[in-house]
Amino acid sequence: MKDHFDIIVVGAGHAGIEASVSCCRMGLKTLLICLKRETIGLMSCNPAIGGVGKGQLVKEVDALGGLMAKAADACAIGYRTLNLSKGPAVWSTRCQIDRKVYNQFMIDFLSNLSGLSILEDEVLKILTKANKAVGVRTLANADIHSKAVILACGTFLNGLIHIGLKSFPAGRINEPASINLSKNLIKLGFKVKRFKTGTCARIKASSIDFSKLESQSPDIKPTAFSFNGNPSRLKQLPCFITYTNDKTHKIIRDSLNLSPLYTGKIKACGVRYCPSVEDKIVKFPLHRRHQIFLEPETQEPIEYYPNGLSTSLPEDVQLKIIQSINGLENAAFVRPGYGIEHDMIDPTQLKPTLETKLIENLFVTGQLNGTTGYEEAASLGLIGGINASLKLTKRAAFILDRSSSYIGVLIDDLVTKGTDEPYRMFTSRVEYRLLLREDNADLRLGKLGFSLGLVSKQDYETTLEKKRIIDSELSRLKKIKLKPDEKTNAILKIFKSSPIKRAISLEELLQRPEINYEQLNVFSEQVSLPDNLAQAINSQIKYAPFIKRQQEEIDKFRHLEKIKLSKDINFSDIPGLSREIKEKLEKFKPLTLASAWRICGVTPASISILMTWLEKDRKQAVSN
């Protein structure tokens, strides 16, 4: 282990896995350090991947050559496409996962990954030389040298678990916290914040009365999560729905004096969009009930995860809460839920490549950046691994902008604005979500993944063939014309669509909201297409005017992205800018005019002043 590595990855959760895989596939000799090999890829919270906004991230990770979607397809025990009642911009894939199979899949994959070494040890500090990361110091193996270090420590950095008024250091239940590394990062000069997350109790399946619960079945015709994969062959299982009630709420209100959240013991900021059950009861007192979503953890369910019951109340109170709920009257624990506080690095200290501004060749990814969720972690791990590899091989950095991807939005939000609470991805955060749909992630990003060496030639050729088929069918629909005759209008009447008075193309007909792609085969012999391609064509045509408008907005945005800002600019010397805006620009040191505009508080007038100053500075440089 004292050999010199190209890259050391610290942490083997979802971020560490994607970072390690991308580094190895890009030809770098990589060392993955984790506390226990058997916890590689362990799902600490609920046994699911994807969801609204999160499914888009996983699809993009897959399109770039990452592992998460393929792992989900190998381990899924239930697929569902969410938001089908809304437009395709917000359709999102979600998979229930056999967490034991997933854990073993990741261990096996990484154990057989060429170029990767795995070490069980604890990292105590980052080794630096002339403000560059040059390795790590570990508890058992002393100093290990490398050219770059990627941190992916999750909740382990100075982690503190709370169950009632009892608390103890841990990075995850029954696993030690990484306290020395946190101290080292502070000593190196990093601004560290404290965030809080939590997880639910696990309930024995044999103690649940499923006859009292509402069943939610998985999709009958699932589509693979990976663009180049196949749906899981594992047994597909339903989830179950129940609700809290007045009795539940009373137990919680009567026990707030035992809550670390409401006695002030937990001081860190929690996840607003995934609150604890006690938070729900206090902050939404008029809600008579809250949904509990029971998720199976394995193919032959031994235990269930009661999503919606995250709590840090004492174990005996948790049991009373659960047993007050319909269908769970005789519920028994596998283990209780808990809250956990942990350190994170203020992400405004990072470049868009996820390299730190303070220490060269040190990259920070995953939950350590202030995010919450497997999918956000995997996305950041992938980009951190890519950029560390590119830097060591002296190639240009890989930066996805907001108009290209959900991943671009995620990173831009973090490094430009920072976050005062655990960051979770939503479709509402994405300005151009109609263009950045799940179904076209491979068309948007596949070429980039292939050029990086992460997407195989075979997979990329599949993407090119998909594009060819879609383009060909779009062209065909433009050419075929319908005449306004009696037969055509009779069919349109059956479809509850208005008659036509002039010849129109099938493309124009499909723009009508009541007409879908499958109905076009009545008017013309249709090309036989898989459901996902048919839907992509349907979306492309129906939303064409909106897509065109978003594309025009992107063109304006990219114009600002092209205007680079030198890292040597002294913003305090620019006349016309307010003191507040000068301070913000100095703090964040934006690399482009577009990223300057996205800093909270920077006004359009300030951007105009910057543009004028840049033009004047350019002319002066030319004249000199």
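Scroll up to find the structure this text is about.
Enquirer: A description of the packing of helix 2 (residues 54-63) against helix 9 (residues 374-392) should follow, citing residues and the corresponding values.
Expert: Between helix 2 and helix 9, the shortest axis-to-axis distance is 9 Å and the interhelical angle comes to 30°. By the angle class used here, helix 2 and helix 9 are roughly parallel. Every pair of crossing elements has a handedness; the one defined by helix 2 and helix 9 is left-handed. Contact with helix 2, carried on its side by Lys54, Leu57, Val58 and Val61, involves Glu375, Glu376, Ala378, Ser379 and Leu382 of helix 9 and no other residues of that element. A per-class count over the contact of helix 2 with helix 9 returns 5 nonpolar, 1 polar and 3 charged.

Enquirer: Can you tell me about empty space enclosed by the protein, naming the residues and giving the values?
Expert: Here the structure, examined in full by the defined rule, presents 1 cavity of 30 Å³ or more. Taken together, Ala201, Leu309, Thr311, Gln318, Ile321 and Ile322 make up the full set of residues lining the largest cavity. Along the lines of polarity and charge, the residues of the lining of the largest cavity split into 4 nonpolar, 2 polar and no charged.

Enquirer: Outline the layout of surface pockets, listing residues and values.
Expert: In this structure, the second largest pocket encloses a volume near 980 Å³. Along its surface, the second largest pocket is lined by 34 residues, and Lys59, Thr223, Ala224, Asp531 and Asn532 are the ones closest to its centre. Those elements that place two or more of their residues in the lining of the second largest pocket are strand 4 (76-82), helix 12 (457-479) and helix 15 (531-542). Here the lining of the second largest pocket gets 6 residues from one element, more than from any other, and that element is helix 15.

Enquirer: Could you give an account of helix 10 (residues 406-417), naming the residues involved and the relevant values?
Expert: The first and last C-alpha atoms of helix 10 sit 16 Å apart over 12 residues, in line with the 16 Å expected at 1.5 Å per residue. Within helix 10 the residues assigned to the buried category are Tyr406, Ile407, Gly408, Val409, Leu410, Ile411, Asp412, Asp413, Leu414, Val415 and Thr416. Tucked inside the fold, the buried residues of helix 10 contact helix 2, helix 9, helix 17 (579-588) and helix 18 (593-597). Phi turns positive one or two residues past the end of helix 10, at Gly418, with a value near 75°.

Enquirer: Outline the packing of helix 3 (residues 68-75) against helix 4 (residues 99-111), listing residues and values.
Expert: Packing of helix 3 against helix 4 brings their axes to within 9 Å, and their N-to-C directions diverge by 130°. As judged from the angle between their axes, helix 3 and helix 4 are oblique. Relative to helix 4, helix 3 is oriented so that their crossing is right-handed. Between helix 3 and helix 4, the contacting residues are Met68, Ala71, Ala72, Ala74 and Cys75 on the first element and Val101, Tyr102, Phe105 and Met106 on the second. Here the contact of helix 3 with helix 4 is composed, by residue class, of 9 nonpolar, no polar and no charged.

Enquirer: Before we move on, could you go through the pattern of salt bridges and cite the residues and values that matter?
Expert: Summed over the entire model, instances satisfying the criterion amount to 36 salt bridges. The salt bridge involving Glu295 is made with Arg94; its shortest N-O contact spans 3.2 Å. One end of the pair, Glu295, is in strand 16 (residues 291-296); the other, Arg94, is in strand 5 (residues 92-97), with 201 residues separating them in the sequence. Accessibility assignment for this pair places Glu295 and Arg94 in one class, buried. Overlapping salt bridges, with partners in common, bring together Arg402, Asp412, Asp413, Lys417 and Glu431 in one network.

Conventions we followed
- Residues numbered from 1 in each chain as written.
- Predicted model: local features only at pLDDT ≥ 70, side-chain atom pairs only at ≥ 80, totals over all residues.
- Heavy atoms only, no water.
- Axes fitted to C-alpha atoms, helices over the stretch in contact; angles between N-to-C directions.
- Helix = DSSP H or I, 4+ residues; strand = E, 2+ residues; numbered from the N terminus.
- Parallel < 35°, antiparallel > 145°, perpendicular 65-115°, else oblique.
- Left-handed = near helix turned anticlockwise from the far one by under 90°.
- Contact = heavy atoms within 4.5 Å.
- Nonpolar A, V, L, I, M, F, W, Y, C, P; charged D, E, K, R; others polar.
- 1 Å grid on protein atoms, 1.4 Å probe; cavity = no way out; pocket = protein on both sides within 12 Å on 5 of 7 lines; lining within 4 Å.
- Points joined across faces, edges and corners; volume = space filled by probe spheres on them.
- Expected span 1.5 Å × (residues − 1).
- Buried < 20%, exposed > 50% of the residue type's maximum accessible area, 1.4 Å probe, protein only.
- Salt bridge = Lys/Arg side-chain N within 4 Å of Asp/Glu carboxyl O.

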